Amino acid sequence: MLAYPSAARMQKNPTYPSLVDKRILVVDDEAVICVDYRFQLLEIGASPEAFLPTNAAALSFLETHSVDAVILDYRLPDGTSEPLMAWLRDHQVPFVIVSGWVEKLRQPTDAPVLEKPALAGELWQALSGVIH
């Protein structure tokens, strides 16, 4: 059994102070990427709230959980993340899109869009920018 350090036990990185103790939802169907995000979020002092692979799972989660921001992939097993983006905008939840399909975005977005694989610094800078 693997033991993972808790966010409370990890030293908080002052490089991105706006992300310390922020609850971040990750919506991506690639398990390896989610594991990477988990460790990176813990390293900067953020709290990875959940890792969900579909729009449906994310929307269900958001009905009962509050988050400070979302990292989401554009292409998910149940379609593009456009329905989730609309919900996030309607509920004023900031988000960053990280996708290998950035050229396929059908609608303009006011959210930052990063191409996979995004460098950690770029992602945390974008996330800090949307959280303020």
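Heads up: the structure comes first, above all this text.
Since this is a predicted model, take the numbers as computed values, not measurements. (Residues numbered from 1 in each chain as written. Predicted model: local features only at pLDDT ≥ 70, side-chain atom pairs only at ≥ 80, totals over all residues. Heavy atoms only, no water.)

### Focus: the sheet that holds strand β6 (residues 95-99)
Counted only if it meets this: Two strands qualify as a pair provided DSSP detects at least 2 bridges between them. The way it works is that DSSP assigns letters per residue, a run of H or I at least four long becomes a helix, a run of E at least two long becomes a strand, and they are numbered from the N terminus. To define axes, lines are fitted to C-alpha atoms, for helices over the stretch in contact only, and angles between the resulting N-to-C directions are given on a 0 to 180 degree scale.
Read from one edge to the other, the open sheet built from 5 strands follows the order β2-β1-β3-β6-β7, with strand pairing classed as parallel. Each of the sheet's edge strands pairs with one partner strand only, and the pair in question is β2 (47-52) and β7 (113-115). Within this sheet the neighbouring strands show an average axis-to-axis angle of 20°, counted without direction.

### Some details on the nonpolar core
Under the convention used in this document: Nonpolar cores are built from buried Ala, Val, Leu, Ile, Met, Phe, Trp, Tyr and Cys residues. Side-chain atoms within 4.5 Å join them into one set. A 1.4 Å probe rolled over the protein chains alone gives each residue an accessible area, and that area as a share of the maximum for its type sets the label: buried under 20%, exposed over 50%, partly exposed in between. Should any heavy atoms of two residues lie within 4.5 Å, those residues are considered in contact.
Residues I24, I71, V96, L123, W124 and L127 are the most contacted members of the largest nonpolar core, which totals 21 residues. For this core, the secondary structure elements donating two or more residues are β1 (23-27), α1 (31-43), β3 (69-72), β6 and α4 (120-131). At 6 residues, α4 tops the list of elements feeding residues into this core. Discounting residues that sit within four places of it in the chain, I71 has contacts with I24, L25, V26, V27, Y37, V96, V98, L123, W124 and L127.

### Focus: the side chain of N55
The topology assignment puts N55 in helix α2 (residues 55-64). The class for N55 is buried, based on a relative accessible area of 4%. In contact with N55, other than residues within four places in its own chain, are L76, D78, G79, T80, S81, P83 and L84.

### Some points on the side chain of T54
Tracing the chain through its elements places T54 in the loop between β2 and α2. In this structure T54 comes out as buried when scored by relative accessible area, which is 18%. Beyond its immediate stretch of four places on either side in the chain, T54 contacts V27, L76, P77 and D78.

### Here's the deal with the packing of aromatic side chains
Rules: Each aromatic pair joins two rings of Phe, Tyr and Trp (for Trp, the six-membered one) with centres within 6.5 Å, and gets the label stacked for planes under 30 degrees apart, edge-to-face for over 60, and tilted for any other angle. We call a charge positioned over a ring when the NZ of a Lys or the CZ of an Arg lies within 6 Å of the ring centre and within 35 degrees of the ring normal.
All told, the structure shown has 0 aromatic pairs when counted by the stated rule. Lying across the ring of F39, R38 places its NZ or CZ 5.5 Å from the centre.

### Let's talk about the packing of α2 against helix α3 (residues 82-90)
Each pair of packed helices can be described by the angle between their axes along with the distance between the axes. The line we're drawing: Convention used here: angles under 35 degrees read as roughly parallel, angles over 145 as roughly antiparallel, angles from 65 to 115 as roughly perpendicular, and any remaining angle as oblique. Crossing handedness is read from the near helix: turned anticlockwise from the far helix by less than a right angle, it gives a left-handed crossing, and turned clockwise, a right-handed one. Polarity classes work like this: nonpolar for Ala, Val, Leu, Ile, Met, Phe, Trp, Tyr, Cys and Pro, charged for Asp, Glu, Lys and Arg, and polar for all others, with Gly in that last group.
The interhelical angle for the contact between α2 and α3, taken along N-to-C directions, is 20°, at an axis separation of 9 Å. In terms of their interaxial angle, α2 and α3 are classed as roughly parallel. Of the two possible hands of crossing, α2 and α3 adopt the one that is left-handed. Within the contact between the two elements, α2 uses N55, A58, L59 and L62 and α3 uses P83, L84, W87 and L88. Of the residues assigned to the contact of α2 with α3, the class counts are 7 nonpolar, 1 polar and no charged.

### Notes on the environment of I97
Tracing the sequence through the fold places I97 in strand β6. Judged by its relative accessible area of 0%, I97 falls in the buried class. I97 sits 15 residues away from P112 along the chain, and the two C-alpha atoms are 6.2 Å apart.

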